[in-house]
Amino acid sequence: MLQIYLFGALRLVSADHVLKFAALPKTLPLFAYLLLNRTKALPRPLLAYTLWPDVGEAEARSNLRRHLYELRRVLPAASADRPWLLVDNSTVQWNPAAAYWLDVADFEATAADLACRHEAVSLYGGDLLPELYEDWIFLERERLRNRFFDLLGQLMMQQAAQGDRTGAIRYGQQLLQHDPLREDVVRELMILRHEHGDRAGALQEYQRFVQRLRDELDVPPMLETSALYDAIARQLPLVGTSPITNGSGHAALRAKAEPSPPPTPHVVPALPLPDAPARTTPPTNLPAQLTSFIGREEEVAAVRALLTRQSDAARLLTITGPGGSGKTRLALEVGARLLNAETPVFRDGIFVLLLATVTDPGLVLPAIATTLGVKEVSGTTLLATLKAWLRDRNLLLILDNLEQLTAVAPCLAELLAAAPKLSLLVTSRKLLAIYGECEFQLPALATPEPDAVEQWETLSHYPAVALFLTRSRAVNPNFTLNRDNAAAIVEICRRLDGLPLALELAAARSKLFTPQAMIARLRDALSFLADSSHRTEARHQTLRATLDWSYALLDMPEQRLFARLAVFARRFTLDAVESVCSLADDLDVLDALKTLLDNSLVRQVELEGEMYFAMLVTVRDYARSRLPADELATLRERHLCYYLRMVQSAPQALYQKAQGVWLERLRYEEENLRAALAWAFAPQAGPTQIATGLKIVGALGRFWQVSGRINEANEWLNRAVALCNQAPVAAQVEVINQAGLFAQLRGAHAQALAYHERALTLARMLQEPRILAESLHHLGSATGRQGNYDRSIAALSESLAIQRTLGPTQDLSHLARTLNNLAATYQNNNEYLRSAPLLQESLALKERQGDQIGVAVALANLANNARLQGNYGAAAVHCRRSLELRRCLQDRLGMTNVLDQMAQLAFDCGRPQESARLFAASDAAHRAINASWSKVTRAEIDQTLGQLRTTLGEAAFDEIWQRGTGMALEEAVVFALREEVYQKV
């Protein structure tokens, strides 16, 4: 029997022996995902995408195969008839019949039994696999944690109802150990202690909680908690019931106007608290912090672990990051927590040297000696004296802001060599570059994605938002996060890249500006983000001063490259830097870029096996202010040409096997492509610039479509159409047809038809077969979406005939699309027998090309064909496969469209609730990307929705619709992939 423990951390036990799980890093997430979904066979594409969402499909599948092999290798041998895994060509499942026991499964089973709740609580050994940071595990971890909290609350209520206040208090204390900010539990414990005769303990419970709130959130307790404290302190009677025993969420308190007779004394000894062991705090000069420490818990834990590892602790650890990223605050917090640890690691003390104002490296050793109280000895050097003094001392020195003093590095190396128990924690914008140095790169605070605004109540969970809110309330106590300002607050945090200093400076303006008003001001962030108070040192009173400090540390070549990098939008490759920034001044780009990396002005990020470099937005704005005006236009022109070369292969590649790689690459470069188009279509743009911009627009059509960028594509295409008469006719036809396509997608059918007719007129004048076939295809698709089947069939058939005459030179991806759209038109016209063979031919071509997006489209049409003929089983298989493919490629528009089909299929299978929920989720997803339906699809949906209202009733329908519209797209996709949704009733 294999015992598997996922609570707390992974532990495997077999035959009373703990087994070591020594495997590749991603094997544990795979193992956990299979165990947590043990009741079902998981499709391989779903597993691959879930665990490797940032790589192409082929690489993800390869990773899955490799890690399945690795998982089998590290698990103990299983019997042949009861293997651990059930694996075939399409699915993977943890074998439910295998000889194993799982703590999570036992926890859930016992939690469901009222008589076994205390056993379930004992099984919860800590949060689910806290060592994993996979996106998918957070919800599961939170669900199990909340179930554990519910059980503790129920047990607390049960013990209190039975008069066992000691037991109730014990469960309440256990709940607070895991969730120390549960204010309702604090109130319950206060009442229980008070009722138990422990009035002093009740008051202490409140005081401890007030301190926790101050330390963690810098906020006061709720009014009802303070009122309860006041009532207990003044010995007023408590009227009502407690927050957990009646489920009301707060205690009902009332002080009577007339004093009541005092109750008969009933003295019960206070619950004994364990005696704290006496300990001596190591000596220190760490300053007390005047503001709360927000976020960075993972970073604090990581730095502490690096400094205190038993076998290979980092004795020289340098925290690097750009100015204002919070290096100093993190180092001081780590020092404070090490100082206050139950078992001190650095028994001889923790000392900090704040060196921001020191510019002479020769002053560092005297500063260390002064801080430690070491006196110089006549006849010997100060370095030798320090080495002798430190030799046997177990001590941590925090050296803050050492970037301008790196010449002292050899002396620090000598100190470390002479004093084996000495550790140095350094903060710097660049490394000291000495042997044994360990770097900890401090990232920016996590910021929410724009669509997180839909759940605005949870935004304060993001550290960047939490910091902005807390610091804003410090200057404006009435400042709150609400539905109206949530989007603006998210934009501020994203615009400032989660940079703590920038967020604090912005928050300081909350007394004068609303978040909405700040957005406009942040266009000139360097001027707006200034703090004239005396709360911070001079170099942190403006963001510009902080960046001036970093810029001054660079030599002239690095300063030139730094300024030129401002032409890029956020991230860029080395190839892009060398192509765009190598002007005629013999600048060594590679060396200069390395120096910028070393100085934390540029970050490196590996994406899809390619190295990218990035600048924070505020840093880029500063760099642009340092760029000579005569260079800017030249750099922009080179930037435009570079990104044209990059996208020229995209139109073909996005219909072939490499489409996944290209989609990711274009997503990574999206901001640079926007910058290039903005320059191409600027008011002063010349014909060459405009022609380049038109080519880029023409290359991005499928990318915009798959990514759901309908609004953005429409804006660029409107500008392109207005300027396209300056381009060759072939380029005009391409742009106008793209404009028509996106007009179709957003429901502007009349405008779409006008665009396609205009493009077709130009194509017939040009007399180029391929261009003519493409224009006929677009016109046929547009008229088909409007229900004009005769005209659609005529145009698509003509396009198909032209393409068939092209022979070996024909574009197979275009041929496949035309076949698909002609089949869809026949299908909508109830000509299923004519539709099916065309769909099969289209699917075969797309599979041959490796066009997974196209395969998903063909499968969706085959599903619709099967559904309309009553073959719901085949329709469900095709739909689910189509949705899985689109999910792997993050085809937002495709996923949104398939949800409609699956909603209709659920309705046909007699599943009205599931159908209504999927229709609602699809409607919300369509609105999110401003996509619309064809007239044919819209008519069918409206008819089905009317029937659903009748079947479910208005009230039930509205409730389900509200739940469906609240689902995120990914959540809706997971729901739609469930097989039971399409099991015919």
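Nothing here was measured: the structure is a model prediction, and the numbers come from that model.

Engineer: How do you make sense of the overall build of the protein when you look at a structure like this?
Structural biologist: Counting its secondary structure elements, the protein contains 45 helices and 15 strands. Scaling as 2.2 N^0.38, a compact globule of 985 residues should have a C-alpha radius of gyration of about 30 Å, and the protein matches this with 33 Å. Judged by the C-alpha coordinates and their principal axes, the protein covers about 95 × 80 × 70 Å. Looking at the protein as a whole, 52% of its 985 residues are labelled buried.

Engineer: Explain the packing of helix α4 (residues 103-111) against helix α6 (residues 135-161) to me, please; I cannot follow it from the model alone.
Structural biologist: Interaxial distance between α4 and α6 falls to 11 Å at its minimum, and their mutual angle equals 40°. Here α6 runs oblique to α4, going by the angle between their axes. The element α4 and its partner α6 pack so that their crossing is left-handed. Touching Val104, Phe107, Glu108 and Ala111 of α4 are Arg143, Leu144, Arg147, Phe148 and Leu151, all from α6. Split into classes, the residues belonging to the contact of α4 with α6 amount to six nonpolar, no polar and three charged.

Engineer: Even after reading the chapter, I still don't get the sheet that holds strand β3 (residues 17-19), so can you show me in this structure?
Structural biologist: For sheets, the rule is that strands pair by backbone hydrogen bonds, running either parallel or antiparallel. Strand order in the open sheet formed by four strands is β3-β2-β1-β7, with mixed pairing between adjacent strands. Unpaired on one side and paired on the other, β3 and β7 (100-102) mark the two borders of the sheet. Strand-to-strand twist across the sheet, computed as the mean angle between neighbouring axes with direction ignored, equals 25°. As judged from the three bridges shared by strand β2 (residues 11-14) and β3, these two strands associate in the antiparallel manner.

Engineer: Explanation requested: the packing of helix α29 (residues 670-680) against helix α30 (residues 687-699) in the structure shown.
Structural biologist: Packed helix pairs are characterised by how far apart their axes lie and by the angle those axes make with each other. One way to put it is that α29 packs onto α30 with a least axis distance of 8 Å and a crossing angle of 145°. Taken as a pair, α29 and α30 cross one another with a handedness that is left-handed. Residues Leu673, Ala676, Leu677, Trp679 and Ala680 of α29 form the contact with α30, whose own contacting residues are Gln689, Ile690, Gly693, Ile696 and Val697. Residues of the contact of α29 with α30, tallied by class, amount to eight nonpolar, two polar and no charged.

Engineer: Quick question: what am I supposed to make of the nonpolar core here?
Structural biologist: If you look at the biggest cluster of nonpolar residues, it comprises 117 residues, and the most contacted ones within it are Phe562, Leu565, Phe568 and Leu666. Apart from the residues within four sequence positions on either side, phenylalanine 562 is in contact with Tyr551, Leu554, Leu596, Leu601, Met615, Val619, Tyr622 and Ala623. Within the second largest apolar cluster, 72 residues are counted, among which are Leu64, Val92, Ala120 and Ile137.

Engineer: I would appreciate a short explanation of helix α43 (residues 935-952) in the present structure.
Structural biologist: Working note: α-helix, 3.6 residues per turn, so residues spaced by three or four point in the same direction. The end-to-end C-alpha separation of α43 is 26 Å, in line with the 26 Å expected for 18 residues at 1.5 Å each. Looking at the packing, one finds that the buried side of α43 touches α41 (892-908), α42 (912-929) and α44 (954-965). Residue glycine 953 follows α43 closely and has a positive phi angle near 90°.

Engineer: Explanation requested: the sheet that holds strand β12 (residues 437-441) in the structure shown.
Structural biologist: Spatial ordering of the open sheet is given by β9-β10-β11-β8-β12, a layout of five strands whose pairing is parallel. Sheet topology places β9 (350-354) and β12 at the edges, where each strand pairs with a single neighbour. Pairwise comparison of adjacent strand axes, ignoring direction, gives a mean angle of 20° for this sheet. Sheet topology places strand β10 (residues 395-400) next to strand β11 (residues 422-428); six bridges connect them, and they run parallel. Counted as the bridge partner of leucine 396 is serine 423 from β11. In the packing of helix α13 (residues 364-372) onto the sheet, the strands contacted are β9 and β10, and the crossing angle to β9 comes to about 140°.

Engineer: What exactly am I supposed to notice about the pairing of strand β6 (residues 91-94) here?
Structural biologist: Side-chain direction in a regular strand flips from residue to residue, so the side chains alternate between the two faces of the sheet. Side chains Thr91 and Gln93 of β6 all project onto a buried face; the interleaved residues Val92 and Trp94 project onto the opposite face, where all are buried too. Examined bridge by bridge, strand β4 (residues 42-43) and β6 share two bridges and lie antiparallel to one another. Bridge assignment links leucine 42 to a residue of β6, and that residue is valine 92. Here strand β5 (residues 85-87) runs beside β6; their pairing, made up of three bridges, is antiparallel.

Engineer: I'm lost on the confidence of the model for the protein in this one. Help?
Structural biologist: Interpretation of this model should avoid reading the predicted coordinates in detail wherever pLDDT is low. Counting all residues, the mean pLDDT for the protein is 84, and 92% of those residues have values of 70 or more. In the predicted structure, residues 531-541 sits below a pLDDT of 50 and forms 23 contacts with residues beyond four places in sequence or in another chain.

Engineer: I keep staring at the packing of aromatic side chains and nothing clicks. Help me out?
Structural biologist: Tallied over the full model, the rule gives 22 aromatic pairs. Their ring planes at 90° and their centres at 4.8 Å tell us that tyrosine 33 and tryptophan 136 sit as a pair that is edge-to-face. Of this pair, tyrosine 33 sits in helix α1 (residues 27-36) while tryptophan 136 sits in helix α6, placing them 103 residues apart in sequence. Tryptophan 136 gets classed as buried once you look at its relative accessible area, which sits at 17%. Seen from the ring of tryptophan 389, arginine 393 lies directly overhead, with NZ or CZ sitting 3.7 Å from the centre. The residue whose ring lies beneath arginine 665 is tryptophan 662, and the NZ or CZ to ring-centre distance is 5.2 Å.

Engineer: What's the story with the pattern of salt bridges in this structure? I'm lost.
Structural biologist: Between side chains of opposite charge, pairing is possible as soon as their charged atoms come close. Tallying each qualifying case throughout the model produces 47 salt bridges. With a closest N to O distance of 3.0 Å, glutamate 205 and arginine 193 form a salt bridge. On the criterion of sequence distance, the pair formed by glutamate 205 in helix α9 (residues 199-216) and arginine 193 in helix α8 (residues 183-195) is long-range, its members being twelve residues apart. The class of glutamate 205 is buried, set by a relative accessible area of 5%. Residue aspartate 958 is joined to arginine 949 by a salt bridge in which the shortest nitrogen-to-oxygen separation is 3.4 Å. Given the relative accessible area of 40%, aspartate 958 is considered partly exposed. It is possible to trace a salt-bridge network through shared partners that takes in Arg38, Glu108, Glu140 and Arg143.

Engineer: What am I meant to see in the side chain of glutamate 558 here?
Structural biologist: One can find glutamate 558 in helix α22 (residues 556-564). In this structure glutamate 558 is buried but unpaired, with arginine 560 as the nearest side chain of opposite charge at 8.9 Å. Here the side chain of glutamate 558 touches aspartate 555 through a polar contact of 3.1 Å, landing on its backbone nitrogen. If we ignore the near neighbours within four places in the chain, the residues touching glutamate 558 are Ala592, Thr595 and Leu596.

Engineer: Would you mind going over helix α32 (residues 710-723) with me for this structure?
Structural biologist: When the terminal C-alpha atoms of α32 are compared, their 20 Å separation across 14 residues agrees well with the 20 Å that a helix rising 1.5 Å per residue should span. Of the positions making up α32, those classed as buried are Ile710, Glu712, Ala713, Asn714, Trp716, Leu717, Ala720 and Val721.

Engineer: Looking at this structure, how should I read the environment of lysine 26?
Structural biologist: With respect to the element layout, lysine 26 can be found in the loop between β3 and α1. Distance in space between the C-alpha atoms of lysine 26 and leucine 68 is 10 Å, their sequence separation being 42 residues. Not counting the four nearest positions on each side in its chain, lysine 26 is found in contact with Leu51, Trp52, His67 and Glu134.

Engineer: Teacher, can you tell me more about unusual backbone geometry here?
Structural biologist: Excluding glycine, a negative phi dihedral is what most residues carry, and trans is how most peptide bonds are arranged. Even without a glycine there, the phi angle at aspartate 497 is positive, about 60°. Take aspartate 497: it is sitting in the loop between α17 (486-495) and α18 (500-507). Given a relative accessible area of 10%, aspartate 497 falls into the buried group. Backbone geometry places glutamine 890, a non-glycine residue, at a positive phi of 50°. With respect to the helices and strands, the residue glutamine 890 is situated in the loop between α40 (872-888) and α41.

Engineer: Any chance you could explain the environment of asparagine 485 here in plain terms?
Structural biologist: Positionally, asparagine 485 belongs in the loop between α16 (463-475) and α17. Judged by its relative accessible area of 6%, asparagine 485 falls in the buried class. Here the alpha-carbon distance between asparagine 485 and valine 453, two residues 32 residues apart in the chain, equals 9.6 Å. At 2.8 Å, the side chain of asparagine 485 and the backbone oxygen of threonine 480 are in polar contact. In this structure the side chain of asparagine 485 is engaged in a polar contact, spanning 2.9 Å, whose partner is the backbone nitrogen of asparagine 482.

Rules of the game
- Residues numbered from 1 in each chain as written.
- Predicted model: local features only at pLDDT ≥ 70, side-chain atom pairs only at ≥ 80, totals over all residues.
- Heavy atoms only, no water.
- Helix = DSSP H or I, 4+ residues; strand = E, 2+ residues; numbered from the N terminus.
- Rg over C-alpha atoms; globule rule 2.2 N^0.38 Å.
- Buried < 20%, exposed > 50% of the residue type's maximum accessible area, 1.4 Å probe, protein only.
- Axes fitted to C-alpha atoms, helices over the stretch in contact; angles between N-to-C directions.
- Parallel < 35°, antiparallel > 145°, perpendicular 65-115°, else oblique.
- Left-handed = near helix turned anticlockwise from the far one by under 90°.
- Contact = heavy atoms within 4.5 Å.
- Nonpolar A, V, L, I, M, F, W, Y, C, P; charged D, E, K, R; others polar.
- Pairing = 2+ DSSP bridges.
- Core = buried A, V, L, I, M, F, W, Y, C linked by side-chain atoms within 4.5 Å.
- Expected span 1.5 Å × (residues − 1).
- pLDDT = per-residue confidence, 0-100.
- Phe/Tyr/Trp six-rings, centres within 6.5 Å; stacked < 30°, edge-to-face > 60°.
- Lys NZ or Arg CZ within 6 Å of the ring centre and 35° of its normal.
- Salt bridge = Lys/Arg side-chain N within 4 Å of Asp/Glu carboxyl O.
- Lys, Arg positive; Asp, Glu negative; His and termini not counted.
- Polar contact = N/O pair within 3.5 Å; in protein donor to acceptor, adjacent residues only side chain to side chain.

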